Amino acid sequence: MRALSIDRPGHARLVDRSDPAPLAGEVLLEVVYAGLCGTDLSTFLGKNPNVEYPRIIGHEIAGRVVGLGGGVESRWMGAQVAVSPYKNCGTCAACRLGRPNACASNETLGVQRDGALAELAAVPVERLVPSTVLPLDVLALVEPFSIGMHAVRRAEVSAADTVLVIGCGGVGAGAIAAAVSAGSRVIGLDVEPRKLDEARRLGASAVVSGGADAAEQVRALTAGEGPSVVIEAVGSTATYRLALDVVAPCGRIACVGWLKGDVPLEARLIVLKEVAILGSRNATDELKAVVAMFESGRVDPRSLVTHRVPLEDAPAMLQRWADAPGEVGKVLVEV
Ligand SMILES: [Zn+2]
Ligand SMILES: [Zn+2]
């Protein structure tokens, strides 16, 4: 089978791999769509702190069950599924707390271990999230939305909140959709006009274009108080600093954006405003909740997709994205 490997930063290519055989408790999945996100781009650019090379990427996967390992119920044959790409150890402090998404030795497909951007993948049956209703290109968008929804749940967003979502790409879009579902007022912030349009479409009642006066704009939209919740879904020094700058007194910041290196923060503000700073990593039950949200018809995530490419064009797509990051939003690879 063919698979997409990033051999080293800047070098992506299709490689031949032997077809996987499903072990006991696994299914063989014919991968139909695989989403590419900022994580894959940062892996391509050598900026992903969690990746070693070479790496087969692919963690936003949808496909069809075409084979069953030992002990897997026959009802799974032919099922259309999204896949939870995480693998936890079961014994660390996070796992013992029932929070496997933050497992100390978590391995995400395509990040800490080889992924599923390949024609076939062997996947544990408990990682499958099926839908008999949703098309496979929608199922490929479940995982990024679930990460955004997890951040909303971490911040315990309710109808009483005004939520600022910084970064309106795939994860930010998931956060916006979930925060709107929770009844809160949502403000989207991004530097890309296209993503701000998307934020509005998903139910944000106001949008702010990122720039020097972003903090002022946010304050103007919140009667000078700032939002009670900020979701940081970019992972940059400027956006982390902005989150702490604008959050309301006694507010919560859910941090989803990854970056390498240190971020200087005005720590005084954490104490002064008694801010709760919450890490938010991956997702758990949210994958099923996102499937339910998509099945309700309230949210169609496909307008996020800016590019659909066949597998053979995926290496060139990564290069194109690296060359012009502003022109590419969500990529779906048609495997
Ligand atoms: Zn992703
Ligand atoms: Zn663990």
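Here, the structure is the one placed above.
Note that the structure is predicted; figures quoted are calculated from it, not measured.

Trainee: Report on the coordination of the zinc ion (ligand 2), specifying residues and quantitative values.
Mentor: On the protein side, the zinc ion (ligand 2) has Cys89 (SG), Cys92 (SG), Cys95 (SG) and Cys103 (SG) as donor atoms, found 2.3 to 2.4 Å from it. Each of the 4 donor atoms bound to the zinc ion (ligand 2) contributes to angles spanning 102 to 118°, and the resulting shape is tetrahedral. With a relative accessible area of 0%, Cys103 lands in the buried category.

Trainee: I'd like a description of the coordination of the zinc ion (ligand 1), backed by residues and values.
Mentor: For the zinc ion (ligand 1), the protein coordination sphere consists of Cys37 (SG), His59 (NE2) and Glu60 (OE), at 1.9 to 2.2 Å. Sequence positions of the donors to the zinc ion (ligand 1) reduce to the motif C-x21-H-E. A residue pair is termed long-range when its members are at least 10 positions apart, and Cys37 in the loop between strand 3 (26-36) and helix 1 (38-44) and Glu60 in strand 5 (residues 60-68) qualify at 23 residues. Considered together, Cys37 and Glu60 belong to a single accessibility category, that of buried residues.

Trainee: Mind laying out the nonpolar core, listing which residues take part and the relevant values?
Mentor: In this structure, Leu139, Val142, Phe145, Ile176, Ile231 and Phe294 are the most contacted members of the largest nonpolar core, which totals 48 residues. Broken down by secondary-structure element, the contributors of at least two residues to this core are strand 3, helix 3 (136-139), helix 4 (142-154), strand 11 (162-166), helix 5 (170-181), strand 14 (229-232) and helix 10 (286-295). In contact with Leu139, not counting residues within four places along its chain, are Ile61, Ala62, Gln80, Val81, Ala82, Val129, Ser131, Leu134 and Val291. Formed by 34 residues, the second largest nonpolar core is a distinct cluster that contains Val72, Leu128, Val331 and Val333.

Trainee: So, unusual backbone geometry: which residues are in play, and what are the values?
Mentor: In this structure, the amide linkage connecting Tyr53 to the following residue, Pro54, adopts the cis form with an omega of -5°. Mapping Pro54 onto the fold places it in the loop between helix 1 and strand 4 (55-56). Residue Glu156 is not a glycine yet carries a positive backbone phi of 50°. Along the polypeptide, Glu156 turns up in the loop between helix 4 and strand 11. Of note in the backbone geometry, Ala223 takes a positive phi value of approximately 50° without being a glycine.

Trainee: I'd love a proper account of the pairing of strand 5, names of residues and values included.
Mentor: Relative to strand 5, strand 3 is paired through 8 bridges, and the arrangement is antiparallel. Note on strand 5: the bridge partner recorded for Glu30 is Arg64. Taken together, the 3 bridges between strand 5 and strand 6 (residues 80-83) define a ladder with antiparallel strand orientation. Its bridge partner being in strand 6, Gly63 is matched across the sheet by Val81.

Trainee: With reference to specific residues and values, describe the pattern of salt bridges.
Mentor: What the rule picks out here adds up to 16 salt bridges. Measuring nitrogen to oxygen at the nearest pair gives 3.4 Å for the salt bridge that ties Asp137 to Arg302. Note that Asp137 is positioned in helix 3 and Arg302 in the loop between helix 10 and strand 17 (305-310), a separation of 165 residues in sequence. The exposure class of Asp137 is buried, given its relative accessible area of 9%. Among the ionic pairs, Arg153 bridges to Glu286, the shortest N-O distance being 3.8 Å.

Trainee: Can you explain the sheet that holds strand 11? Please cite residues and give values.
Mentor: On the basis of which strands lie adjacent, the open sheet formed by 6 strands has the order 13-12-11-14-15-16 and parallel pairing. A strand with exactly one partner marks an edge of an open sheet, and here the two such strands are strand 13 (206-209) and strand 16 (276-279). Between one strand axis and the next, the sheet turns through 20° on average, direction left out of account. Relative to strand 12 (residues 185-190), strand 11 runs parallel, the two sharing 5 bridges. Opposite Leu164, over in strand 12, you have Ile187 as the bridge partner. Relative to strand 11, helix 5 is tilted by about 170°, and along the sheet it contacts strand 11, strand 12 and strand 14.

Trainee: Account for the sheet that holds strand 1 (residues 2-8), with residues named and values stated.
Mentor: Overall, antiparallel pairing links the 3 strands, which are arranged 2-1-4 in an open sheet. Of all strands in the sheet, those with a lone pairing partner are strand 2 (11-16) and strand 4, marking the two edges. When strand 1 meets strand 4, the two strands line up antiparallel, connected through 2 bridges. Among the inter-strand pairings, Ile6 is bridged to a residue of strand 4, identified as Arg55.

What counts as what
- Residues numbered from 1 in each chain as written.
- Chains lettered and ligands numbered in written order.
- Predicted model: local features only at pLDDT ≥ 70, side-chain atom pairs only at ≥ 80, totals over all residues.
- Heavy atoms only, no water.
- Donors = N, O, S within 2.8 Å, 3.2 Å for Na, K, Ca; no water.
- Tetrahedral: all angles 85-135°; square planar, octahedral: opposite > 155°, others 65-115°.
- Buried < 20%, exposed > 50% of the residue type's maximum accessible area, 1.4 Å probe, protein only.
- Helix = DSSP H or I, 4+ residues; strand = E, 2+ residues; numbered from the N terminus.
- Core = buried A, V, L, I, M, F, W, Y, C linked by side-chain atoms within 4.5 Å.
- Contact = heavy atoms within 4.5 Å.
- Pairing = 2+ DSSP bridges.
- Salt bridge = Lys/Arg side-chain N within 4 Å of Asp/Glu carboxyl O.
- Axes fitted to C-alpha atoms, helices over the stretch in contact; angles between N-to-C directions.

Purely geometric numbers; function is a separate question.
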